[in-house]
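Overview (structure and organization)
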Amino acid sequence: MPRPLLAVLVAALVLVLELPGAHGFQIEEATVASIQIGFNNGSLTSVELVQFYLDRISNFNPLLHAVIEVNPDALRQAARADAERCSGRRHRAIGALHGVPVLLKDNIATRDALNTTAGSFALLGSVVRRDAGVVRRLRRAGAVVLGKANMDEWANFRSFSGGGWSARGGKGRNPYVLSATPCGSSTGSAIAAAASMAAVTLGTETDGSILCPASLNSVVGIKPTVGLTSRAGVIPITPRQDTIGPICRTVADAVHVLDTIVGYDALDAIATMQASKYIPRGGYMQFLKKDGLRGKRIGVPNGFFNFPNGTVQQMVYEQHLSTMRKQGAIVIENLDIENLSVLLDFQNNGQLIALPAEFKLSLNSYLSNLLYSPVRSLAEIIAFNNAHPVEENMKENGQTVFLVAENTTGIGASEREAISQLNKLSANGLKKLMREHELDAIVTPNNAASSVLAIDGLPAITVPAGYGKLGVPFGLCFSGLRGYEPRLIEMAYAFEHVTMARKMPTFLP
């Protein structure tokens, strides 16, 4: 066994036994609910929890590359949370995330000692004006910002190289099978949640960046309806598709986070105002129902479950569909999404016309709003990469997409036509299918349908579904129309409860 892997496994055995000083509290796979029980009965403090996660990051991160940097102020924030709890102060309601450490993807801005760089050395040392909108909500809830998670550099929009690599964080590794892809771009968030380096993490998605790493690292990822969570202070790709959501080990934990981060933000006013109508009175926790599959109409579209007969995936997914029926769901198979091949053809469906132009405008706007930055435009980032080819791994990864984006000149006739075409494809595709068959959701493997969902900002939840022949995880994704989060949560929670598919990481080489 390789020495680094042996060291990690030994560390895991030590850390899994008991949280030192926490009176027998078991941290491995601890949920938000169990953490709050520990806080309330005195068996755990926020300081002890933060220190445990810091130690776990120190032990595991050299192997997994899930975290770019930890917050030097995390223990002080935790001590403040403990003091509030002990003093009985109720100047604000103490909710589920009070005192709970949260890891943030490195494109989510924090106005503190942490950097916000999208994994790139080009933004190292830049200073933001304020916390991102979702971070402000987390802090108001009393959460502790633990650090920044690794990611595909620039959210995989530099060259489509993928694989969870960034210049600052290195290449992320899947904690189940170290040689398997951890996917991206919210790579570190998913790895950290899977390996219990934090119970709560945040990711972002433009097209598959939450759903893919969550699926392949056997955790739960919620991709919210675009606008349900604020994008203010998040390094952008496109306002049409960008969204921020939780990646956690359980549906309940992810829903706790979703409840905390949704809502109107004046700095992302148009999108959050439009989506605020979808937020249910009383929040999302009320939809954690063990019978949440009963009566649901679930579509199984053709073109996604293309696994050969006899493979683990084919057999497990068939079993899951049968389980849903036994739980009272109406599962409708062999449905066709109109123009599916075009919707999935990223090269030719208009995405490569619209996205580069939107990216350049959005990124330059973000950079211009920084208090300080070594770079102030996409052109300057390109120049930085050229000047630092070794650090930025230019030989292997390049910056093809950056160059295409830099050559755009705004949203002109061709871009508007491409966006119009995308809207028509979406309206005549999944949206039409769901309305014609009165579906509550469709189910697909992993992030297979992410491009179909991305075009119109549609929501999805992926839940652990099983493990392949070599031990690599795979997930099942429930997705629907805008604002369908309540029914998706019901289905995902019931599915998780009845299947209990998730296992702890194995660190197989």
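For the structure, see preceding data.
Summary of the structure given here. What you see is a predicted model; the values in this text were computed from it and never measured.

**A few points about helix α8 (residues 251–261)**
α8 sits mainly inside the fold: 9 of its 11 residues count as buried. Directly beyond the C-terminal end of α8, a positive phi value near 130° is found at Gly-263.

**Regarding the pairing of strand β10 (residues 330–335)**
Where strand β9 (residues 297–301) meets β10, 5 bridges bridge the pair, whose relative direction is parallel. Residue pairing across strands places Ile-298 opposite Val-331, the latter belonging to β10. In this fold, β9 hands off to helix α10 (residues 312–326), which returns the chain to β10; that crossover is right-handed.

**Focus on the environment of Lys-171**
Examined against the element boundaries, Lys-171 turns out to sit in strand β5 (residues 170–171). Filtering out sequence-adjacent residues up to four positions away, Lys-171 remains in contact with Leu-64, His-65, Gly-163, Gly-164 and Trp-165. At 2.7 Å, the side chain of Lys-171 and the backbone oxygen of Gly-163 are in polar contact.

**A look at the pattern of salt bridges**
Taken as a whole, this structure holds 22 salt bridges when the rule is applied. Of the charged contacts in the structure, one is a salt bridge between Glu-29 and Arg-249, with a shortest N-O distance of 4.0 Å. Of the two residues, Glu-29 is situated in the loop between α1 (3–17) and α2 (32–41) and Arg-249 in the loop between β8 (243–248) and α8; the sequence distance between them amounts to 220 residues. Taking relative accessible area as the criterion, Glu-29 reaches 25% and is therefore assigned partly exposed. Note that Arg-168 is salt-bridged to Asp-106, the shortest N-O span being 3.8 Å. Of this pair, Arg-168 sits in the loop between β4 (165–166) and β5 while Asp-106 sits in the loop between β2 (101–105) and α5 (133–140); the two residues are 62 residues apart in sequence, bridging distant segments of the chain. A single burial state applies to Arg-168 and to Asp-106, both of which are buried.

**Details of the state of the cysteines**
Here the structure, examined in full by the defined rule, presents 1 disulfide. Two residues share a disulfide in this structure: Cys-183 and Cys-212, whose sulfurs sit 1.8 Å from each other. What sets the handedness of the Cys-183 and Cys-212 disulfide is the S-S torsion sign, and at about 100° it is right-handed. Placement of the pair is Cys-183 in the loop between β5 and α6 (187–194) and Cys-212 in helix α7 (residues 211–216), with a sequence separation of 29 residues. Under the relative-accessibility criterion, Cys-183 is labelled buried at 15%. By relative accessible area, Cys-212 is classed as buried at 6%. Here Cys-477 is not cross-linked by a disulfide; its sulfur's nearest cysteine counterpart is in Cys-212, at 11 Å.

**So, the nonpolar core**
Counting residues in each nonpolar core, the largest one holds 134 residues, and the members touching the most others are Met-324 and Phe-478. Sort the elements by how many residues they give to this core and helix α3 (residues 46–64) lands first, with 9 residues.

**Re the pairing of strand β13 (residues 473–479)**
With 7 of 7 residues buried, β13 is to be regarded as a mostly interior element. Covered by surrounding structure in β13 are Pro-473, Gly-475, Cys-477 and Ser-479 together with Phe-474, Leu-476 and Phe-478, the residues of both alternating faces. Pairing between strand β11 (residues 441–445) and β13: 4 bridges, direction antiparallel. Bridging from a neighbouring strand, Thr-444 pairs with Cys-477 of β13.

**A closer look at the side chain of Lys-360**
Here Lys-360 is to be found in helix α12 (residues 351–368). Residue classification places Lys-360 among the buried residues on the basis of a relative accessible area of 17%. In contact with Lys-360, not counting residues within four places along its chain, are Leu-378, Ala-405, Glu-406 and Thr-408.

**As for the packing of aromatic side chains**
In total, this model carries 11 aromatic pairs according to the counting rule given. Summarising the aromatic geometry, the rings of Trp-154 and Phe-402 are spaced 5.8 Å apart at their centres and angled 65° between planes, so their arrangement reads as edge-to-face. A residue pair is termed long-range when its members are at least 10 positions apart, and Trp-154 in the loop between β3 (144–149) and β4 and Phe-402 in helix α15 (residues 400–406) qualify at 248 residues. Given the relative accessible area of 3%, Trp-154 is considered buried. The exposure class assigned to Phe-402 is buried, which follows from its relative accessible area of 0%. Here Arg-487 stacks its cationic end above the ring of Tyr-484, 3.8 Å away from the centre of that ring.

**Remarks on helix α13 (residues 378–387)**
Taken residue by residue, α13 has Leu-378, Ile-381, Ile-382, Phe-384 and Asn-385 as its buried positions. The buried residues of α13 occupy one face: seen down the axis, they fall within an arc of 160°. If you follow the buried residues of α13, they end up packed against α12, α14 (394–397) and α15.

**Section: unusual backbone geometry**
Gly-184 connects to Ser-185 through a cis peptide bond whose omega is 10°. In this fold, Ser-185 is placed in the loop between β5 and α6. For Asn-339, which is not a glycine, the phi torsion comes out positive at approximately 60°. A positive phi angle, close to 45°, is found at Met-500, a residue other than glycine. Secondary-structure assignment places Met-500 in the segment after α19 (485–499).

Thresholds applied
- Residues numbered from 1 in each chain as written.
- Predicted model: local features only at pLDDT ≥ 70, side-chain atom pairs only at ≥ 80, totals over all residues.
- Heavy atoms only, no water.
- Buried < 20%, exposed > 50% of the residue type's maximum accessible area, 1.4 Å probe, protein only.
- Helix = DSSP H or I, 4+ residues; strand = E, 2+ residues; numbered from the N terminus.
- Pairing = 2+ DSSP bridges.
- Right-handed = clockwise from strand over helix to strand, strands pointing away.
- Contact = heavy atoms within 4.5 Å.
- Polar contact = N/O pair within 3.5 Å; in protein donor to acceptor, adjacent residues only side chain to side chain.
- Salt bridge = Lys/Arg side-chain N within 4 Å of Asp/Glu carboxyl O.
- Disulfide = S-S within 2.5 Å.
- Core = buried A, V, L, I, M, F, W, Y, C linked by side-chain atoms within 4.5 Å.
- Phe/Tyr/Trp six-rings, centres within 6.5 Å; stacked < 30°, edge-to-face > 60°.
- Lys NZ or Arg CZ within 6 Å of the ring centre and 35° of its normal.
- Arc of directions from axis to C-beta.

So yeah, pure geometry; function would need other evidence.
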